[in-house]
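Analysis of the macromolecular model
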Amino acid sequence: SVDPVTRNEMIRQIGHVVDRFTDMVADGIIDGSARTCDARVAGQMLMAQINSAAELGKWVPELTPDNSVDLYARPIFRGLFA
């Protein structure tokens, strides 16, 4: 929905943010605080999670500040069935 020049700049900036998340995940893998995984995929997942958080209340009407971590953030860190 944006012009090609703006779109390319947005994609570039998003790539930089994903790179930072990827580095953070890789650091966690190195220091043992994160499980071994594909750090790039994990970085992209974190980016998607943060971008979609604003709309989570539309998908989960019973969401509150108290249960939002359990419903939204815990699965990415512990797995869907944990």
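To keep things clear, this report deals only with the structure shown in the data block. (Residues numbered from 1 in each chain as written. Predicted model: local features only at pLDDT ≥ 70, side-chain atom pairs only at ≥ 80, totals over all residues. Heavy atoms only, no water.)

1. Examining the pattern of salt bridges
Side chains that differ in charge, positive against negative, can pair when their charged atoms come close. The final tally for this structure, using the stated rule, is two salt bridges. Linking Arg12 and Glu9 is a salt bridge whose minimum nitrogen-to-oxygen distance equals 2.6 Å. Of the two residues, Arg12 and Glu9 are both situated in helix α1 (residues 4-31); the distance of three residues between them amounts to about one turn of the helix. The exposure class of Glu9 is partly exposed, given its relative accessible area of 31%. (Salt bridge = Lys/Arg side-chain N within 4 Å of Asp/Glu carboxyl O. Helix = DSSP H or I, 4+ residues; strand = E, 2+ residues; numbered from the N terminus. Buried < 20%, exposed > 50% of the residue type's maximum accessible area, 1.4 Å probe, protein only.)

2. Topic: the environment of Arg7
Within the secondary structure layout, Arg7 lies in helix α1. In this structure Arg7 comes out as partly exposed when scored by relative accessible area, which is 38%. Between the C-alpha atoms of Arg7 and Glu55, which are 48 residues apart in sequence, the distance is 22 Å.

3. As for the nonpolar core
If you look at the biggest cluster of nonpolar residues, it comprises seven residues: Val18, Phe21, Val25, Ala39, Ala42, Leu46 and Met47. Elements with a minimum of two residues in this core: α1 and α2 (39-52). A per-element tally of this core places α2 first, with four residues. Excluding residues within four positions of it along the chain, Leu46 makes contact with Phe21, Met24, Val25, Ile76 and Phe77. (Core = buried A, V, L, I, M, F, W, Y, C linked by side-chain atoms within 4.5 Å. Contact = heavy atoms within 4.5 Å.)

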